[in-house]
Amino acid sequence: MCVIAVYSMKGGVGKSCTAVNLAWNSATKSARRTLVWDIDPQGAASFILNGDRHKKDRARAMISGDIKPTKLIKATGIENIDLLAADVSLRGLDRFFFELNKKKHLGKILGQLKKDYDRIILDCPPGLTETSEQILRNADLVIVPVIPSPLSQRALTDVQRFLDSRRRKHAPLLPVYTMVDRRRNIHNQGLAKHPRWPIIPMSSDIERMTRLKEPVGAFAPRSPAAASYAKIWRGIEKKLSKL
């Protein structure tokens, strides 16, 4: 079992769409038993996967140990993908982790889930917080969506500096350019700085995900966006095989 966190210090960078599409590729292209664990209180990944129909205000209770994960995990209707949905109770998660003062708490929950899944994909809340520290410590790989613009790239630099300053072992970071519009000079300048980073183009198909409540690969399998997510997933599997 491998844990893949999709994380960004900055919101609005396509994080949840990336998590859902990578999960779809994991389940359909690699035939992996895949769990999407939405830890972002905004619940965008849960909404796309119809998790907004699940019972509310229980996500934090599961993390605190009051409810077993198996009570909240639901099938999504997509073969090989289950969902552990987010809800607004996660807004207080940082304080809970701080007060708990157990750095391996999230890892213990993941350990309970590993027997049932090959891949667990975490849709993480934005920001550099107690929650993100737990995630970075327990993930096997961290996908970092980055818009090719100065502010988004600066956020990635801040995360890397923070991790280096802690001098602790953490999961490798894999930056991915998202919302790329090659008509914009500022995006082309950003791409030129890191030409080998994977790219997900700006796409109306990605925007349609929230209306159709489906991953791009399910309704537009031949689109550039679907091809980009598939390529990134192949790279992730290759990287995980070497860990």
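None of these values were measured; they are calculated from a predicted model. (Residues numbered from 1 in each chain as written. Predicted model: local features only at pLDDT ≥ 70, side-chain atom pairs only at ≥ 80, totals over all residues. Heavy atoms only, no water.)

Q: Give a description of the packing of helix H6 (residues 105–113) against helix H7 (residues 130–138) that names residues and reports values.
A: Two elements in contact, H6 and H7, have axes whose closest approach is 8 Å; the angle formed by their N-to-C orientations is 50°. Accordingly, the angle class assigned to the pair H6 and H7 is oblique. Considering how the two elements wind past one another, H6 and H7 form a crossing that is right-handed. The residues of H7 that touch H6, namely those facing His 105, Leu 106, Gly 107 and Leu 110, are Gln 134, Ile 135 and Asn 138. Classifying every residue of the contact of H6 with H7 by side-chain character gives three nonpolar, four polar and no charged. (Axes fitted to C-alpha atoms, helices over the stretch in contact; angles between N-to-C directions. Helix = DSSP H or I, 4+ residues; strand = E, 2+ residues; numbered from the N terminus. Parallel < 35°, antiparallel > 145°, perpendicular 65-115°, else oblique. Left-handed = near helix turned anticlockwise from the far one by under 90°. Contact = heavy atoms within 4.5 Å. Nonpolar A, V, L, I, M, F, W, Y, C, P; charged D, E, K, R; others polar.)

Q: Go over the pairing of strand E1 (residues 2–6), please, and point to the residues and values.
A: For E1, a buried count of five out of five residues is recorded, marking the element as mostly surrounded by other parts of the structure. Here E1 shows no split at all, with Cys 2, Ile 4 and Val 6 on one side and Val 3 and Ala 5 on the other all buried. Here E1 runs beside strand E5 (residues 119–123); their pairing, made up of five bridges, is parallel. Its bridge partner lying in E5, Val 6 is registered against Asp 123. Bridging between E1 and strand E6 (residues 141–146) involves three bridges; their strand directions are parallel. If you follow Ala 5 over to E6, its bridge partner there is Val 142. (Buried < 20%, exposed > 50% of the residue type's maximum accessible area, 1.4 Å probe, protein only. Pairing = 2+ DSSP bridges.)

Q: Quick one: what's the story with the packing of aromatic side chains, residue by residue and with numbers?
A: Enumeration over the complete set of coordinates arrives at two aromatic pairs. Summarising the aromatic geometry, the rings of Phe 96 and Phe 97 are spaced 5.7 Å apart at their centres and angled 55° between planes, so their arrangement reads as tilted. On the basis of relative accessible area, Phe 96 is assigned to the buried category, the value being 12%. Taken together, a centroid distance of 5.0 Å and an interplanar angle of 45° make the contact between Tyr 177 and Trp 197 tilted. One end of the pair, Tyr 177, is in strand E7 (residues 173–180); the other, Trp 197, is in the loop between helix H9 (185–193) and strand E8 (199–201), with 20 residues separating them in the sequence. The exposure classification of Tyr 177 matches that of Trp 197, with both residues buried. In this structure, Lys 213 is placed above the aromatic ring of Phe 47, and the distance from its NZ or CZ to the ring centre is 4.2 Å. (Phe/Tyr/Trp six-rings, centres within 6.5 Å; stacked < 30°, edge-to-face > 60°. Lys NZ or Arg CZ within 6 Å of the ring centre and 35° of its normal.)

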